[in-house]
Amino acid sequence: MCTRGLTDVPHLDAAENLRLLNMQHNLISHLQDLLHLQRLVFLDLYDNRVIDMSGVSSLTSLRVLLLGKNRIQRICDVDGLTKLDVLDLHSNQISQIENVSRLSKLRLLNLSGNRITRVENLQGLNCLTELNLRHNSITSVTDVENLPRLQRLFLSSNSISRFDALACLWHCRSLSELSVDGNPVALESCYRQTLLRCCSPHLQLLDMKRVTEEERRTASVSARKEDEKKKESHKQAAHKERRRLAIQNAAQQWEGLKTCLELPAQNGSKEDVSPDYSPAHSPAQTNGNTQETSPDEPQDAGGPNVQSLSMSDSHLAELDGETLRLFGPGALETLDRCWGVQTAASVTAIAFRYMHFDSIIPMFLRIRLKFPNLTHLMFMETSITHLPQLAALAQVRRLEQISVDPEGNPVVRLTLWRSFLIYRLQHLNLQKINGTEVTMNEIMASERMFGALGHVAATETPRCRLLLLLEESRCVRFEPSTLQLPQQTLRRPRGETSTTYTDVDRSASSITDSSVCVCVCVCVWQEGGADASERSEMVQQYLRGLIHRASAHCVKADALQKLWPSLFSEIVRDCVLEMRDRQAFRQTRLQRLHSESQT
């Protein structure tokens, strides 16, 4: 009954026994007239005008249903076709895959040439081996992994642009033939290799081309590299999260510590607050100059050269290129570790954050010894509140830059903090403070402002306190390089002649802050007056004792150095003579051991 212009299914004699019916190329639009064909197995209505599938569900014996090139818009009324083996609906107007979950024995489903945009609702098709979805508008593929026997899948000429849209194919282990050509994703340079790497190892044909063993080997190598890359990526992500939590916990502990320490309020009095740190100025500026941006941001995980040195729940120590970053008090333990010579020499900057400055002070000597090329120290939220704390920085070997962030360091709000730092660290050749160049005018101004403080401290400090400071200074090692000898003049009172005294270099390479104060006081005590002469004599006597003891050690060392060669020769000679007769030597030693054991 092909090509006869039929608009309805004609009445046929003995239709109840009809098993095959072919009515291609007609004008049939409805299927309700097929209800009486209960034994029909094969039905071909290709190239008709069918717009609705209603009525086909009554054909319970149907195994092959061909409805290609019609006007069908929805898949419906197929629940009763439990024996259906082939369903061809190509070249229709279907926009969605639906109502096919009851077709448990379906082996072939052809939906090519429709308007489908998404592959979905394929549950229940446990026997499906071939799915043809060519020439649709598909952008995403799902549910294909729920087809346990699927062997051939055709997705050519669609709108798939990303490999992620095909992710469900990676789990189709029975797939042997796949076509994805004609999609935007097929234009990727690694397209074929990616599909071979991710899809089933049983894949034989890809885009109608046979898969070679060479391609499989290349894809396998690529898969291993991809797995290693993913593992490394996951490792980096986990480290990044641990780093973030460590910094966050260190910040939280720091906030609790600030509360306990009762840091000064942000709005200090006019006398204590620098006008350059007033609300009218940016908080990133100090003394009228823009502060250098801190190189450390806790939110960032750092560059590829970041080396994690120590990490816990509440602290982090990491080496980022030439910068050592320390978060939390526990990170200070990193300074006690065994550093390689090259690694330690590469450190030129150290950043401290979320720790009290007083806990950093004992580490300055270690920093000086371990990091010979250190030139920059950064303090962010370290609770630097007063000027004497800054004096501890003199213990560092050399320092070209210091950055003290206003956040968490109230000392920056003091008017004289910069001048004091310049005066106290002048011997370190300090070049920048908070990114601002140190000028010669600032150096001279700081000298005029703080130069007389040593004289005031010496004349006003009680005698008992000075003796205590002198006693504490006994542990300090004085070297010629530590002392400068410029001739400065102090006028004695009551018109007496001036007396020169020895000024002490502010270098802290081997002198603590208290010892520097003591040296200044000793020099000032050389002024006139009966009491001053008595005190000066006492101090000089004390210093002479220290020098005498040091000289005695040097004399003894020189004597030992001269005597040692002959002493060593005598020791060796006595040992050789004593052991010349080994038998007698053994007996003598055994007797001595025996007598010692009895006593």
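Everything discussed here concerns the structure shown above.
This structure is a prediction, so every number in the text was calculated from the model and none was measured. (Residues numbered from 1 in each chain as written. Predicted model: local features only at pLDDT ≥ 70, side-chain atom pairs only at ≥ 80, totals over all residues. Heavy atoms only, no water.)

**Describing a positive patch on the surface**
Part 1: Taken together, Arg19, Arg39, Arg63, Lys83 and Lys105 make up a surface patch of like positive charges.
Part 2: Its location among the elements puts lysine 105 in the loop between β4 (86-88) and β5 (108-110). (Patch = residues over 30% accessible without salt bridge, like charges linked within 9 Å, V, L, I, M, F, W, Y side chains within 5 Å. Areas by Shrake-Rupley, 256 points an atom, 1.4 Å probe, with all protein chains shown as cover. Salt bridge = Lys/Arg side-chain N within 4 Å of Asp/Glu carboxyl O. Lys, Arg positive; Asp, Glu negative; His and termini not counted. Charge placed at Lys NZ, Arg CZ, Asp CG, Glu CD. Helix = DSSP H or I, 4+ residues; strand = E, 2+ residues; numbered from the N terminus.)

**As for the packing of aromatic side chains**
Part 1: Throughout the structure, instances matching the rule amount to five aromatic pairs.
Part 2: With centroids separated by 5.3 Å and ring planes inclined at 10°, the aromatic side chains of phenylalanine 352 and phenylalanine 379 adopt a geometry described as stacked. Placement of the pair is phenylalanine 352 in strand β18 (residues 349-353) and phenylalanine 379 in strand β19 (residues 376-380), with a sequence separation of 27 residues. Neither phenylalanine 352 nor phenylalanine 379 differs from the other in exposure class; each is buried.
Part 3: Sitting over the face of the ring of tryptophan 339, arginine 337 holds its NZ or CZ atom 5.3 Å from the ring centroid. (Phe/Tyr/Trp six-rings, centres within 6.5 Å; stacked < 30°, edge-to-face > 60°. Buried < 20%, exposed > 50% of the residue type's maximum accessible area, 1.4 Å probe, protein only. Lys NZ or Arg CZ within 6 Å of the ring centre and 35° of its normal.)

**What about the environment of valine 78?**
Part 1: Along the chain, valine 78 falls in the loop between β3 (64-66) and β4.
Part 2: Overall, the relative accessible area of 0% leaves valine 78 in the buried class.
Part 3: Counting along the chain gives 23 residues from valine 78 to glycine 55, while the straight-line C-alpha distance between them is 8.9 Å.
Part 4: Aside from chain neighbours lying at most four places away, what touches valine 78 is Met53, Val56, Asn99 and Leu103. (Contact = heavy atoms within 4.5 Å.)

**What about the sheet that holds strand β2 (residues 42-44)?**
Part 1: One open sheet holds the 10 strands; their spatial order is β1-β2-β3-β4-β5-β7-β9-β10-β11-β12, and the pairing between them is mixed. This sheet does not close on itself; its edge strands, each paired only once, are β1 (20-22) and β12 (209-210).
Part 2: Pairing analysis gives three bridges linking β4 to β5, with the strands arranged parallel. Within the sheet, the bridge partner assigned to aspartate 88 lies in β5 and is asparagine 110. (Pairing = 2+ DSSP bridges.)

**What to know about the nonpolar core**
Part 1: Within the largest apolar cluster, 66 residues are counted, with the highest numbers of intra-cluster contacts made by Leu65, Val144, Leu169, Leu178 and Leu195.
Part 2: The element contributing the most residues to this core is helix α1 (residues 191-198), with three residues.
Part 3: Aside from chain neighbours lying at most four places away, what touches leucine 169 is Val144, Leu153, Leu178 and Cys199.
Part 4: Of all hydrophobic cores here, the second largest spans 48 residues; its members include Phe352, Met355, Leu390 and Val438. (Core = buried A, V, L, I, M, F, W, Y, C linked by side-chain atoms within 4.5 Å.)

**Description of the pairing of β18**
Part 1: By the criterion of burial, β18 is predominantly enclosed, with five of the five residues buried.
Part 2: Neither face of β18 is open: one carries Ala349, Ala351 and Arg353, the other Ile350 and Phe352, and all of them are buried.
Part 3: The sheet contact formed by strand β17 (residues 323-327) and β18 spans five bridges and is parallel. The residue bridging leucine 324 from the neighbouring strand is isoleucine 350, located in β18.
Part 4: Of the crossover connections in this fold, the one passing from β17 over helix α3 (residues 341-346) to the parallel β18 is right-handed. (Right-handed = clockwise from strand over helix to strand, strands pointing away.)

**Some points on the pattern of salt bridges**
Part 1: Tallying each qualifying case throughout the model produces 18 salt bridges.
Part 2: Here aspartate 164 makes a salt bridge to arginine 162, at a shortest N to O gap of 3.5 Å.
Part 3: Residue classification places arginine 162 among the partly exposed residues on the basis of a relative accessible area of 46%.
Part 4: For the salt bridge of arginine 573 with aspartate 574, the shortest nitrogen-to-oxygen distance reads 3.9 Å.
Part 5: Put simply, Arg243, Glu318, Asp320 and Arg325 are held in one network by salt bridges that share partners.

**What to know about the sheet that holds strand β22 (residues 436-437)**
Part 1: Strand order in this open sheet of eight strands is β15-β16-β17-β18-β19-β20-β21-β22, and the pairing throughout is mixed. One side of each edge strand has no neighbouring strand; the edge strands of this open sheet are β15 (306-311) and β22.
Part 2: Where β15 lies against strand β16 (residues 316-320), five bridges are found, and the strand directions are antiparallel. Within the sheet, the bridge partner assigned to methionine 311 lies in β16 and is leucine 316.

No statement about biological role is implied by the geometric values presented.
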